[in-house]
Amino acid sequence: MSNENAFLALADFLIPAHGKMPKFSDVCGYADVEKSLDFRIDLKPGFARGIAVDPATGAEARLESLNKEDGEAFSAITTIAIATYYMSPRVRELIGYPGQENVPYDSKATQIYLTNGSLGQVVARGRKYRPTPGL
Amino acid sequence: MTVEVLAERGARARRDEEVDVVIVGAGPSGSVAALHLARAGISVVVLEQGEWPDYADYTGARPEHELVSTKLWHPNPNVRDNPNDYPVDTSTTDINPLMFAGVGGSATLYGAQWMHFLPSDFRVRSMDGVAEDWPFTYEDLLPYQLEIEREVGVSGLAGDPAYPPRGAYPFPALPMGSVGQRGALGMEKMGWHWWPGSNAIPSEKFGELNPCVRRGTCLTGCPEGAKSTTDRSHWPLALKAGARLVTRARVKEIETNEQGLATGVIYVDANGRDRRQRAKVVILCANGVGTPRLLLMSGGPRTPDGLANSSGMVGKRLMMHPFASVLASYQDPLDSWRGPFGQQVYSLEFYETDESRGFVRGSKWNCMPSGGPVGVSGATGSKVYVAESGRFQDFWGANLHENVARRFGHSLIWGIVGEDLPEESNQVVLSKDLVDSDGLPAPQIVYKVNENSNRLLKFNIDRCLESVRAAGAIETLVSTPVRESGWHLIGTTVMGDDPKRSVVDQWGACHDVPNLYVMDASTFPTSGATNPTATIMAVALRNTRRMIAERRNQKVA
Ligand SMILES: Cc1cc2nc3c(=O)[nH]c(=O)nc-3n(C[C@H](O)[C@H](O)[C@H](O)COP(=O)(O)OP(=O)(O)OC[C@H]3O[C@@H](n4cnc5c(N)ncnc54)[C@H](O)[C@@H]3O)c2cc1C
Ligand code: SF4
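Residues numbered from 1 in each chain as written. Chains lettered and ligands numbered in written order. Predicted model: local features only at pLDDT ≥ 70, side-chain atom pairs only at ≥ 80, totals over all residues. Heavy atoms only, no water.

Before going further, it helps to spend a moment on the site of ligand 2. Residue and element names in this part refer to chain B. Around ligand 2 lies a shell of 13 residues, among which Cys212, Arg215, Gly216, Cys218 and Cys222 are the nearest. Mapping ligand 2 onto the cavity grids shows that it belongs to the largest cavity. Of the residues belonging to the shell around ligand 2, the class tally is seven nonpolar, two polar and four charged. (Near = heavy atom within 4 Å. 1 Å grid on protein atoms, 1.4 Å probe; cavity = no way out; pocket = protein on both sides within 12 Å on 5 of 7 lines; lining within 4 Å. Sits in = over half its atoms within 2 Å of the grid points. Nonpolar A, V, L, I, M, F, W, Y, C, P; charged D, E, K, R; others polar.)

Here it is in structure tokens:
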């Protein structure tokens, strides 16, 4: 099995289609995976071990054994799979994630807690600290 | 002259020159000392093992953010694996210490939650019969706290009844997002204290700091240059005032003469060469792990147990604030990837001692957004979660999609910081086998979460669950004590009047070596339960002012 197929089999088991969400290989290609690995070269050795799959073993059994025997490889495979998936513009659109966006605001705008009385209640409950003069 | 030119000029070492003061560490505490000493006309060199931050390296605005930041900007130096940091031997600790090496120090990665200690924090022995009182009071420190807030550019709302009256914050509080409003709703339903978050993030342009645009990645470096760190708030001014900063300079030893007075330090420069910086006064600002490490490394034949350690207290009483977190998901959208991340709301409802709860002292809670889809999935670093639940399938497959749908954009996190009581068995020692990139011994942490902390966290988690459920939470996840949570490093060169029981006096001067000072949180006799940086910087300013005022009486070699 090629590296590509070996990884996509694992990734599709980890991230299958479900409801409106597509499976991994419907939205991410192996080029995306390689790009992710370039951001995290520290994961490359574990990743390589993780995809050195015995083709006879199914994805779930392979992940099960990696998880038990080679935590580093398991972590590399799963980290790359999930991060690559949620970087996909299509996936982001489906879950409504614009990324860590820039949202300017008016620092002088009156905050709702000042007008709806909620902060007033905190103040009305009175002093909470223990004063210490003379101690 | 630009900051870059000044920084470049300062970085050149001058052979055999003796300066008035050498400071180890360019984090919040070292930066305060450097700025104020330089302004007083005192010659200062600061040695910092890390480098100037490059804001282009902060990935917050880029799609790969969640992938890259979990390595490059991880707060645990052992995970980051950057040669500028020293590694930490964590084989004997329940909690990993977190820190960062660079101009700006660990605050490069801090949440910028800005809290003063409370009056009772300075009087725990008198009020609660535990640990020790501080040699000074809340009121003594308040003027320095307010001055530091103006230097840092803190935003917040005055009038919190959990504190004595104080002046206004320099900037209005950051806008409270849906996350903060939902957190506050739960507290309001319970009739408990909450207050809009105070943060070291100016809400308006301030000096070299840009206004925050709520990108929500403060804990992995602010790509906007909006979170206040001293590379922007203090260093441009300190360099103009004449302070010099040498980066990639790792101090390996404090030198002393026959009279036991400090004469300077030896450091390893960027090319791996040993250099000497002579100074009349040495100030350590290397944090609650780095400072005792350096003192322990500096024990020569005259002081085999470490410098300034005749009390035997160097490295002991490490406090790290055991921490728990509660993630709560709600049906309605909360835009919970959006910042500030910072604290949108905090609560001091359970801060003070109530013995009926079965523990002493208390906690501070802070309400924060839960972040991007990878983080809230609970699936990354799956090994950790799998070990707890037994089955990796719980986090993957259809479960992954369902967990993300329920949590992403719909959840908040309450962080619970508990006061950590000092115990001599919790300590920093030198590792016997682990070394840093210069071959110097790494610190080893010997630390157990104590029974008081366990009870405190359990009580607070139960209350927190009541609050989030009162506001309609449909799912809650608890993590306690969080192993990767040693962001507050306190207590390892305790201050006090008695040289047999303490390492430094109330001004940070070592009892054994009167021209050697400590100005970071190592000196704190107790930890409070609030985030400590405000107090660290205020105490550093108080000590520095005193040093300037007493300069003619300073004993030097
Ligand atoms: C992830 C995270 C989140 C945090 N969030 C908050 C928060 O929201 N609010 C809050 O108040 N606090 C927070 N903190 C804590 C805050 O960062 C620290 O309290 C603060 O940075 C301490 O300042 P310092 O100057 O004493 O030490 P540091 O900032 O740790 O600086 C010490 C400096 O000394 C240098 N150094 C150490 N040893 C040597 C040596 N031998 N030679 C040369 N240089 C050396 C280090 O490289 C470092 O730059 C957080 C910390 C972390 C890690
Ligand atoms: S929330 Fe504000 S301070 Fe934090 S990273 Fe975003 S812009 Fe910077």
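For the rest of this paragraph, the subject is the interface of chain B and chain A. It is common to report an interface's size as the accessible area lost on association of the parts. Taken together, the contact between chain B and chain A spans 72 residues of the former and 57 residues of the latter. Summed over both partners, the interface of chain B with chain A comes to about 5,600 Å²; 63% of that surface belongs to carbon and sulfur atoms. When the buried area of chain B at its contact with chain A is split by residue, Leu67, Phe392 and His401 of chain B rank highest and sum to 14% of it. At the junction of chain B and chain A, the tally comes to six salt bridges. (Contact = heavy atoms within 4.5 Å. Buried area = accessible area lost by both parts, 1.4 Å probe. Salt bridge = Lys/Arg side-chain N within 4 Å of Asp/Glu carboxyl O.)

Moving on to the site of ligand 1. Residue and element names in this part refer to chain B. The environment of ligand 1 is made up of 37 residues, and the closest members are Ser29, Glu48, Ser106, Val251 and Thr533. One nitrogen or oxygen atom from the main chain of Pro28 is found 3.1 Å from an oxygen atom belonging to ligand 1. In this structure, an oxygen atom belonging to ligand 1 sits 2.9 Å away from a side-chain N or O atom of Asn287. Contact with the protein chains hides 96% of the accessible area of ligand 1, taken as 990 Å² for the molecule alone. Only helix 2 (28–39), strand 6 (250–256) and helix 15 (533–549) provide two or more residues apiece to the shell around ligand 1. Split by residue class, the shell around ligand 1 holds 21 nonpolar, 13 polar and three charged. (Polar contact = N/O pair within 3.5 Å; in protein donor to acceptor, adjacent residues only side chain to side chain. Areas by Shrake-Rupley, 256 points an atom, 1.4 Å probe, with all protein chains shown as cover. Helix = DSSP H or I, 4+ residues; strand = E, 2+ residues; numbered from the N terminus.)

So, about the packing of aromatic side chains. Geometry of an aromatic ring pair is reported as the spacing of the ring centres plus the angle between the planes. Per the counting criterion, the structure on display carries 29 aromatic pairs over all chains. Here Phe7 of chain A and Tyr30 of chain A contribute two aromatic rings whose centre-to-centre distance is 6.4 Å and whose plane-to-plane angle is 55°, an arrangement assigned as tilted. Taken together, the positions of Phe7 of chain A in helix 1 (residues 3–14) and Tyr30 of chain A in helix 3 (residues 30–39) put the pair 23 residues apart, joining distant regions of the chain. Comparing Phe7 of chain A with Tyr30 of chain A, the two get one shared label, buried. Members of the aromatic cluster, joined through ring pairs, are Phe7, Phe24, Tyr30, Phe47, Tyr85 and Tyr86 of chain A. Over the aromatic face of Tyr129 of chain A sits the side chain of Arg127 of chain A, whose NZ or CZ is 5.2 Å from the ring centroid. Seen from the ring of Tyr169 of chain B, Arg166 of chain B lies directly overhead, with NZ or CZ sitting 3.8 Å from the centre. (Phe/Tyr/Trp six-rings, centres within 6.5 Å; stacked < 30°, edge-to-face > 60°. Buried < 20%, exposed > 50% of the residue type's maximum accessible area, 1.4 Å probe, protein only. Lys NZ or Arg CZ within 6 Å of the ring centre and 35° of its normal.)

On to unusual backbone geometry, then. All names here are of chain B. Cis geometry is found at the peptide bond from Gly339 to Pro340, where omega equals 0°. Position of Pro340 among the secondary structure elements: in the loop between strand 9 (323–329) and strand 10 (345–347). In the segment running from Phe341 into Gly342, the intervening peptide bond is cis, with an omega of -5°. Looking at where Gly342 falls in the secondary structure, it is placed in the loop between strand 9 and strand 10. In this structure, Ala308 takes a positive phi of about 60° despite not being glycine.

Moving on: the sheet that holds strand 14 (residues 441–447) of chain B. Residue and element names in this part refer to chain B. With mixed pairing, the three strands of this open sheet are ordered in space as 3-14-13. Both edges of this open sheet fall to strand 3 (89–93) and strand 13 (427–435), since each of them pairs with a single strand only. Direction aside, the axes of adjacent strands within the sheet are offset by 35° on average. Examined bridge by bridge, strand 13 and strand 14 share five bridges and lie antiparallel to one another. The partner of Gln427 across the bridge, within strand 14, is Val446. (Pairing = 2+ DSSP bridges. Axes fitted to C-alpha atoms, helices over the stretch in contact; angles between N-to-C directions.)

Residues and elements named next belong to chain B. Going through the model one piece at a time under the given rule, you end up with six cavities of 30 Å³ or more. In this structure, the largest cavity encloses a volume near 90 Å³. In terms of lining residues, the largest cavity is bounded by 14 residues, among which Cys212, Arg215, Gly216, Cys218 and Cys222 are the most central. Residues of the lining of the largest cavity, tallied by class, amount to eight nonpolar, two polar and four charged. (Points joined across faces, edges and corners; volume = space filled by probe spheres on them.)

Turning our attention to the packing of helix 5 (residues 59–69) of chain A against helix 6 (residues 71–87) of chain A. All names here are of chain A. Closest axis-to-axis distance for the helix 5/helix 6 pair is 6 Å, and the angle between their directions is 130°. Considering their axes alone, helix 5 and helix 6 lie oblique with respect to each other. Between helix 5, through Leu63, Leu66, Asn67 and Glu69, and helix 6, the contact on the second element is made entirely by Gly71, Ala73, Phe74 and Ile77. (Parallel < 35°, antiparallel > 145°, perpendicular 65-115°, else oblique.)

Our focus in this paragraph is the confidence of the model for chain B. Residues of chain B with pLDDT of at least 70 account for 95%, and the chain-wide mean is 94. Across the interface, the model reports ipTM at 0.96; the global pTM reads 0.96. (pLDDT = per-residue confidence, 0-100.)

Another aspect to go through is the nonpolar core. All names here are of chain B. Within the largest apolar cluster, 89 residues are counted, with the highest numbers of intra-cluster contacts made by Leu47, Trp194, Ile254, Leu284, Trp414 and Leu516. In terms of residues, this core owes the most to one element, helix 14 (residues 451–470), which gives seven residues. Ignoring sequence-local partners within four residues, the contact set of Trp414 consists of Gly183, Met187, Ala324, Ser325, Val326, Val345, Ser347, Trp365, Asn366, Cys367, Cys464 and Val468. Judged by nonpolar contacts, the second largest core, of 49 residues, contains Val103, Trp114, Tyr169 and Trp235. (Core = buried A, V, L, I, M, F, W, Y, C linked by side-chain atoms within 4.5 Å.)

Once that is clear, we can look at the sheet that holds strand 4 (residues 195–196) of chain B. All names here are of chain B. Taken together, the six strands give an open sheet; going across it, the order is 4-10-11-12-9-15, and neighbouring strands pair in antiparallel fashion. In this open sheet, the two edge strands, each paired with only one partner strand, are strand 4 and strand 15 (475–479). Inspection of the sheet shows strand 9 paired to strand 12 (residues 411–418) by seven bridges, in the antiparallel sense. Considered in strand 12, the bridge of Ala324 is made with Ile416.

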